[in-house]
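Working through the structure, step by step
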Amino acid sequence: MRRPHARFDAYWKEAVRTFFPQCIRFFFPSLYRLIDWKRGFEFLNVELRRVHSPYSKGRRPDIVVLVHLKNGNSCLLVVHIEIQVQPDPFFEERMLDYYLHLRLTYNKEVICLAILADSNPNWRPRRLHKKIAQFQLVFEFMTVKLLDLDPQRLEQSRNPIAVITLAHLNALRLRGNPELLFQEKVRMIRKLLEGGYTKRYIAELYAEVDAIMALPKELERQVAEVVREVQRKKRIRRLTSLELVALEEGAKKGLQQGLQQGLQQGLQQGLQQGLQQGILQTLELRFGAVPEAVAYRLQQITDLQTLHQLHAEAVKAPTLEAFEAVLAQHIESPTPQTE
């Protein structure tokens, strides 16, 4: 069984990747105002090598993002975010390791941020100071301590990161008391479903809250019953994303539907329709309602390899318009089907 802090670490990394601009805006507003969000941002972790030192021990920085600054030129900034869910006596040294590694790797300015998600109110790393004779080294990084945040402010905020933070603090506060955690989880999910969020936000926030506030199986079944009851009373259309952990599950669901349809309609046609449905579900989860024209164009594509490529594009496309452009290319130059 995974330890709670390991679970929190994984879910927070996913939350920051999903809601990166909202995370910066909520936790580090001064930095948020400096970034030119219209020019987009790029996650860099995939290509990043591990850091080998006595403090980092072969680990990689948690989140590394390339952003543009609002300074009238093409100045780029590397933003490093480290999520720490338990005290580490060498955390400052590790943050310095990461800073130096990122400067050497990208040859750009680097700013380091830390989200301290631990349960120790007295652990507050922020500054590394080394002094030998006349030599001094001072390294500081920006931090946010989740325990310091006002629950009332979190309740009132519409920022999705506030919702996730509140779920995290509730999980820490009620650890070892599953009945109270169940009551708080149900309350939060009710508020989420009834709060007027977009379908995409509901789906992504539900996944994070559900994972962070994990309960024993029997209580999780009761949570599922509450969700279905709220959906019925509020006439909320069933959200397929409530059953998904990630967007890739849309493809899996599409393939499963395709196999079932294949028993009656022929395997080729069943898989084709299942993949088409999986693509539409992924687009709907990410961008909201999908125009009928997009669905119609997608139905014109029957080649399975092309549909797999389009699903990958649906997962990574920055906007619905970007996906439509790729879809249009396949319509104009269709891939010939194999026998």
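Parameters at a glance
Residues numbered from 1 in each chain as written. Predicted model: local features only at pLDDT ≥ 70, side-chain atom pairs only at ≥ 80, totals over all residues. Heavy atoms only, no water. Helix = DSSP H or I, 4+ residues; strand = E, 2+ residues; numbered from the N terminus. Contact = heavy atoms within 4.5 Å. Areas by Shrake-Rupley, 256 points an atom, 1.4 Å probe, with all protein chains shown as cover. Pairing = 2+ DSSP bridges. Axes fitted to C-alpha atoms, helices over the stretch in contact; angles between N-to-C directions. Parallel < 35°, antiparallel > 145°, perpendicular 65-115°, else oblique. Nonpolar A, V, L, I, M, F, W, Y, C, P; charged D, E, K, R; others polar. Phe/Tyr/Trp six-rings, centres within 6.5 Å; stacked < 30°, edge-to-face > 60°. Salt bridge = Lys/Arg side-chain N within 4 Å of Asp/Glu carboxyl O. Buried < 20%, exposed > 50% of the residue type's maximum accessible area, 1.4 Å probe, protein only. pLDDT = per-residue confidence, 0-100. Core = buried A, V, L, I, M, F, W, Y, C linked by side-chain atoms within 4.5 Å. Right-handed = clockwise from strand over helix to strand, strands pointing away.

**Regarding the overall build of the protein**
- Broken down by element type, the protein carries 14 helices and seven strands.
- Residue pairs at least 24 apart in sequence account for 65% of intrachain contacts in the protein once pairs closer than 6 positions are excluded.
- Of the roughly 18,600 Å² of accessible surface on the protein, 51% is carried by carbon and sulfur atoms.

**Quick notes on the sheet that holds strand E7 (residues 142-145)**
- One open sheet holds the five strands; their spatial order is E1-E2-E3-E4-E7, and the pairing between them is mixed. In this open sheet, the two edge strands, each paired with only one partner strand, are strand E1 (41-43) and E7. The average undirected angle you get between the axes of adjacent strands in this sheet is 20°.
- Taken together, the eight bridges between strand E3 (residues 76-84) and strand E4 (residues 109-116) define a ladder with parallel strand orientation. Bridge assignment links Gln84 to a residue of E4, and that residue is Leu116.

**Section: the packing of helix H2 (residues 20-27) against helix H6 (residues 160-173)**
- Following both chains from N to C, one finds H2 and H6 inclined at 75°, their axes separated by 8 Å at the closest point. With respect to H6, the axis of H2 lies roughly perpendicular. Touching Gln22, Cys23, Phe26 and Phe27 of H2 are Pro160, Ile161, Ala162 and Thr165, all from H6.
- Among the residues forming the contact of H2 with H6, the class breakdown is six nonpolar, two polar and no charged.

**Focus: the side chain of Asp9**
- Position of Asp9 among the secondary structure elements: in helix H1 (residues 4-18).
- Excluding residues that lie within four positions of it along the chain, Asp9 makes contacts with Asp62, Ile83 and Val85.

**Quick word on the packing of aromatic side chains**
- Summed over the entire model, instances satisfying the criterion amount to 14 aromatic pairs.
- Ring centres of Phe139 and Phe141 lie 5.8 Å apart, and the angle between their planes is 40°; on these two criteria the pair is classed as tilted.
- An aromatic cluster of three or more residues is present, and its members are Phe20, Tyr32, Trp37, Phe41 and Phe43.

**Side note on the pattern of salt bridges**
- Enumeration over the complete set of coordinates arrives at 16 salt bridges.
- Put simply, Lys185 and Glu220 hold a salt bridge, and the shortest N to O gap is 3.0 Å. Of this pair, Lys185 sits in helix H7 (residues 178-194) while Glu220 sits in helix H9 (residues 217-234); the two residues are 35 residues apart in sequence, bridging distant segments of the chain.
- Among the residues examined, Lys185 registers a relative accessible area of 0% and is labelled buried.
- Within the structure, one salt-bridge network assembled from shared partners comprises Glu155, Glu184, Arg187 and Lys191.

**Observations regarding the confidence of the model for the protein**
- With 82% of its residues at a pLDDT of 70 or more, the protein shows a mean pLDDT of 80.
- The weakest mean pLDDT in the protein belongs to helix H10 (residues 248-265) at 43; the strongest belongs to E7 at 97.
- Predicted confidence is poor over residues 237-267, with pLDDT under 50, and the contacts of this stretch with residues over four places away or in other chains come to 51 contacts.
- Low pLDDT, under 50, characterises residues 333-339; the predicted model gives this stretch eight contacts beyond four residues in sequence or across chains.

**A look at the environment of Val67**
- Position of Val67 relative to the elements: it lies in strand E2 (residues 63-68).
- Residues Val67 and Leu34 lie 33 residues apart in sequence; the distance between their C-alpha atoms is 10.0 Å.
- Apart from the residues within four sequence positions on either side, Val67 is in contact with Phe20, Ile35, Phe41, Cys75, Leu76, Leu77 and Val79.

**Let's talk about the nonpolar core**
- By size, the foremost hydrophobic cluster in this structure holds 60 residues, and its most contacted members are Trp12, Val16, Ile24, Phe27, Ile81 and Ile115.
- The biggest single contributor to this core is H6, with nine residues.
- Residues in contact with Val16, not counting those within four places in the same chain, are Cys23, Ile63, Ile81, Ile83 and Ile115.
- Within the second largest apolar cluster, 19 residues are counted, among which are Val64, Leu66, Leu102 and Leu116.

**Remarks on the pairing of E4**
- Within E4, six of the eight residues are buried, which leaves the element mostly enclosed by the surrounding structure.
- Handedness of the crossover joining E3 and E4 through helix H4 (residues 91-106) is recorded here as right-handed.
- Looking at chain direction, E4 and E7 are connected through four bridges and run parallel. When the sheet's bridge partners are listed, Ile115 is paired in E7 with Val144.

**Details of H2**
- The buried count for H2 comes to seven of eight residues, which makes it a mostly enclosed element.
- Regarding H2, the residues found buried are Phe20, Pro21, Gln22, Cys23, Ile24, Phe26 and Phe27.

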